[in-house]
Amino acid sequence: MIDAYITNTLEDLQRGNRLRSMRTINGAQSTRVSIDGKEYLNFCSNNYLGLADDPRIRRAAFHSIEASGFGAGASRLVCGNLDEHTALEQYMAAFKGTESCVVFSTGYMANVGIISSLVGRGDIVFCDKLNHASIIDGIILSGATMKRYKHRDMQDLERQLQTNQDYKKKIIITDTVFSMDGGIAPLDQIVKLAKQYNCMTYVDEAHGLGVIGKNGKGVVEHFDVADDIDIQMGTFSKAVGSFGAYCCGKKELIDLVINKARSFVYTTGMPPSTAAASLAGVKIIENHPELRQKLWDNVQHIYTGLKGVGFNPGYCMTPIIPIIVKDSQMALAFSKELFERNILISAIRPPTVPVNTARLRLTVMATHQEKEIDYLLNHLEDIGKKLGLI
Ligand SMILES: Cc1ncc(COP(=O)(O)O)c(C=O)c1O
């Protein structure tokens, strides 16, 4: 039965330019994608290193399917824990230099499960205002008190730490690279404050792994603070080119998560081929720093180009570049104009981003060619002028 709530909600979303729908990509996720038989330049994927259709990752998945079949058959704690899961967890713990690791089927499930197994009523979580929705949902589910500090504002964080000392357990949680703004969390300062106020630390490296740090270990590597972070969570679904997520930390902490995280206990293990593909991706990240170098060369190229034509590409240089146009209708118009010129960049609107900050979320890949970036820059300039944005 379609009731008034359903109809009215959809109508409200449409009226506010917030109704969303999906486009179908025909074939592989790459710098160029096919939609309805037409080719588009893809500048909105999280496939930062271009590994999602890399032959080495495809082969790892094929081999695993041949060796272990497709489905895991049960939850990991029953009989769905296969060689591929264990191999990935052991590798990730060694790669991250932690005692232990457990993997989840998605990053969303990881954040919701880890947070709700670590804290509850009587505890408090200090949370950056722009943290990912899965972190917010995990905190809400846990029943802990949530205090949201201003985005990357260490004075505001300290003020909140000072005025909220009487809780059983205190944790600071932050994205390391913010998914819609591309900013980097000041982990060096966060770690100092955590020590001063006796807090645990939890980072989400979804957009940091493979992208930041000399060896691609993320923002923890960039600031050299890995040993001061209690929970290192991240995903295999972005730069790794696969699917799923990890939680790295001390053995007892991981044992707690394995026993308590409902999104781990009460779900079937990820397909072993997914774990094998993730492992292959992490090995590529570790052994091929030149991919990261190519990504940063491309980021630099776009930044310089955008500034040159009068756009403000944001305060931190990362592969996530927000072009904020404020108004949702304007963001949709911009995205549509680009689409007509065979460029794919989705409009990101509230509630994914705060009200009045609708934007194009432009992302760069290591595998973009210079001429593709120049094509994009020419059209961004042309449309920006046409829409009165620059
Ligand atoms: C910061 C952050 N954390 C978690 C997630 C969820 O990861 P997944 O897509 O693997 O569920 C995402 C994106 O999807 C993200 O951007």
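Everything numeric in this text was worked out from a predicted model, so none of it was measured. (Residues numbered from 1 in each chain as written. Predicted model: local features only at pLDDT ≥ 70, side-chain atom pairs only at ≥ 80, totals over all residues. Heavy atoms only, no water.)

On to the site of the ligand, then. For the ligand, the set of nearby residues contains 14 residues, the closest of which are G107, Y108, D204, H207 and K238. Between the ligand and S237, the relevant distance is 3.0 Å, taken from an oxygen atom to a side-chain nitrogen or oxygen of the residue. A distance of 2.8 Å is found between an oxygen atom of the ligand and a side-chain nitrogen or oxygen belonging to K238. Across the complex, the protein chains shield 84% of the 380 Å² of accessible surface that the ligand would expose by itself. The element that contributes the greatest number of residues to the shell around the ligand is helix α4 (residues 107-118), accounting for three residues. (Near = heavy atom within 4 Å. Polar contact = N/O pair within 3.5 Å; in protein donor to acceptor, adjacent residues only side chain to side chain. Areas by Shrake-Rupley, 256 points an atom, 1.4 Å probe, with all protein chains shown as cover. Helix = DSSP H or I, 4+ residues; strand = E, 2+ residues; numbered from the N terminus.)

So, on to helix α1 (residues 4-15). An ideal rise of 1.5 Å per residue puts 16 Å on twelve residues; α1 measures up with 16 Å between its terminal C-alpha atoms. Put simply, D3 is the residue that caps the front of α1, since its side-chain oxygen is 3.2 Å from the backbone nitrogen of Y5. Positive phi appears at N17, one or two residues downstream of α1, with a value of about 55°. (Expected span 1.5 Å × (residues − 1).)

This structure, assessed with the given rule, holds four aromatic pairs. With 4.3 Å between their ring centres and 10° between their planes, Y40 and F339 make a pair best called stacked. Here the residue Y40 occupies a position in strand β2 (residues 38-42), and F339 occupies one in helix α13 (residues 328-340), the gap between them amounting to 299 residues. The interplanar angle of 65° and the centroid separation of 5.8 Å between the aromatic rings of F104 and F264 together place this pair among those described as edge-to-face. A residue pair is termed long-range when its members are at least 10 positions apart, and F104 in strand β3 (residues 100-104) and F264 in helix α10 (residues 262-265) qualify at 160 residues. (Phe/Tyr/Trp six-rings, centres within 6.5 Å; stacked < 30°, edge-to-face > 60°.)

Moving on, we come to unusual backbone geometry. Here the residue pair P350 and P351 is connected by a cis peptide bond, since its omega of 10° sits within 30 degrees of zero. Mapped onto the elements, P351 comes out in the loop between β12 (347-348) and β13 (358-363). Positive phi is not limited to glycine here, since K326 has a value of about 75°. Inspection of the secondary structure assignment puts K326 in strand β10 (residues 320-326). We note that N342 has phi near 65°; this positive angle belongs to a residue other than glycine.

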